[in-house]
Amino acid sequence: MLARKGLLPDGFLLTRLAEERNRPGRNRPRCRRARFITKTGSCNVAHKNIMEQGRFLQDVFTTMVDLKWQHSLLIFTSAFLCSWILFAMVWWLLAFAHGDLEPGRQDRPPPCVTAIHSFTSAFLFSIEVQVTIGFGGRMVTEECPAAIVVLIVQNILGLIINAVMLGCVFMKTAQANRRAETLIFSRNAVVAPRNGRPTFMFRVGDLRKSMIISATVQLQVIRRTVTSEGEVVPVSQLDIQVENPLRSNGIFLVSPLIVSHTLERGSPLYDLSARALAAADVEVIVILEGVVETTGISMQARTSYTPDEILWGRRFVSIVSEEDGRYCVDYSKFGNTLPVRMSSLSAKELDQTRGRRQEEEAPPQGWGLVRAGRGGLRRGGRRRSSSGGGDAREPPREPEPSREPDPPQ
């Protein structure tokens with residue numbers, strides 16, 4: 001999508017196609033998994049069988065802002081046309097009741113509205129009143145108080161329609177997802193070792209020079225879980241801690257960053273190996289929030305990664321270089337990855353393997369022969385107390401003096 005908009009070169013897509021072609025098991029038929037958040041950030045949830053549809057009309061403004069542009073423009077055009085036609089009928093009825101439409105009458109009083117002879121002229125006068133054009137050919141006289149009241153009501157209604165229309169247009173153009181169009185995420189996430197630990201990583205970047213103030217990144221894992229009582233929770237949301245020395249989710253998005261999460265004890269991905277991840281029904285959701293520097297409006301960008309989009313044993317290439325005293329970012333390599341040597345075991349299995357290895361490499365305690373029990377000997381330099389409450393080190397014995405043989409007489 002970014003290459004189609006001209007934001008990223010075509011080489012980025014060619015590199016991604018080459019990586020996907022080299023992925024193991026790419027040609028295997030797989031069923032398409034459902035996901036909650038699409039790659040563009042929209043929610044992939046369909047709401048059905050909603051009984052109380054009237055709740056949407058209680059918040060008309062939000063409902064109109066959430067509509068698509070074509071539907072909003074259709075509603076605004078229909079509102080203007082209906083109001084013009086409605087008040088055109090009112091002006092025509094006033095002129096008909098006052099006798100202004102009778103031709104050739106010499107003794108008729110001054111008309112309520114001048115130059116109204118048909119419904120067409122009443123419709124033109126309705127448009128002039130509501131949009132305050134005022135060509136000067138038609139105007140309200142002081143002959144009919146009812147005409148003055150209709151003039152005031154139409155002006156107030158026209159201002160309300162204009163205010164609602166302008167407010168909806170402003171809110172639709174200033175929505176948070178508009179700024180998110182220039183925030184890009186890597187198409188794939190990776191799992192690679194970092195500082196000796198398996199780490200889940202993805203890359204995020206901002207194409208604009210204006211900053212995102214107080215930017216924070218939140219990770220959540222959506223998976224199917226079963227409670228200890230046997231209850232099946234089809235959608236369980238678990239938070240993931242972003243790797244940060246400050247133990248917070250704040251980032252400074254001045255250049256593309258690699259956001260990471262260490263697969264350690266307590267992580268929802270702690271017990272997933274390379275094979276288990278490929279068959280797991282999980283989805284990692286990424287939510288980036290902040291305040292737009294130029295407008296001060298809060299924004300939010302979203303994406304997600306399914307197991308098919310998480311590459312095991314790969315890491316991102318560096319795209320930031322220093323040229324002529326400033327840092328340059330090569331967005332053509334934004335999603336490029338490199339293979340790294342990594343075990344296919346899960347982080348939990350690696351910890352268990354390391355624990356057993358440390359136990360095997362630990363030196364034994366003591367090597368001397370000491371008494372064991374009442375007459376036997378055992379190794380270890382410890383003896384069991386008579387009460388059985390623990391081992392106690394046996395004090396060393398003094399060597400007996402050797403007796404030299406008597407010289408021959």
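Residues numbered from 1 in each chain as written. Predicted model: local features only at pLDDT ≥ 70, side-chain atom pairs only at ≥ 80, totals over all residues. Heavy atoms only, no water.

Another point: the state of the cysteines. One pass over the full model with this rule turns up one disulfide. Sulfur-sulfur distance for the disulfide between C112 and C144 comes to 1.6 Å. Where C112 bonds to C144 through sulfur, the torsion about that S-S bond is close to -50°, and the disulfide is left-handed. Placement of C112 in the loop between α3 (69-98) and α4 (119-130) and of C144 in the loop between α4 and α5 (145-173) is noted, with a sequence separation of 32 residues between them. On the basis of relative accessible area, C112 is assigned to the buried category, the value being 2%. (Disulfide = S-S within 2.5 Å. Helix = DSSP H or I, 4+ residues; strand = E, 2+ residues; numbered from the N terminus. Buried < 20%, exposed > 50% of the residue type's maximum accessible area, 1.4 Å probe, protein only.)

A few words now on the pattern of salt bridges. Under the counting rule described, the total for this entry stands at seven salt bridges. When the shortest N-O distance is used, the salt bridge between K39 and E309 registers 3.4 Å. Residue K39 is found in the loop between α1 (10-21) and α2 (60-66), and its partner E309 is found in the loop between β8 (298-305) and β9 (310-312); the two are separated by 270 residues along the sequence. Under the relative-accessibility criterion, E309 is labelled buried at 12%. Between R197 and D351 there is a salt bridge; the shortest N-O distance is 2.6 Å. In this pair, R197 is assigned in strand β3 (residues 197-206) and D351 in helix α8 (residues 347-361), connecting sequence segments 154 residues apart. D351 sits in the partly exposed class, given a relative accessible area of 21%. The network of salt bridges with common partners includes R35, K39 and E309. (Salt bridge = Lys/Arg side-chain N within 4 Å of Asp/Glu carboxyl O.)

Time to look at unusual backbone geometry. The phi dihedral of N49 falls on the positive side, at around 55°, and the residue is not glycine. Following the sequence through the fold, N49 ends up in the loop between α1 and α2. Non-glycine residue N195 carries a positive phi angle of around 55°. A relative accessible area of 78% places N195 in the exposed class.

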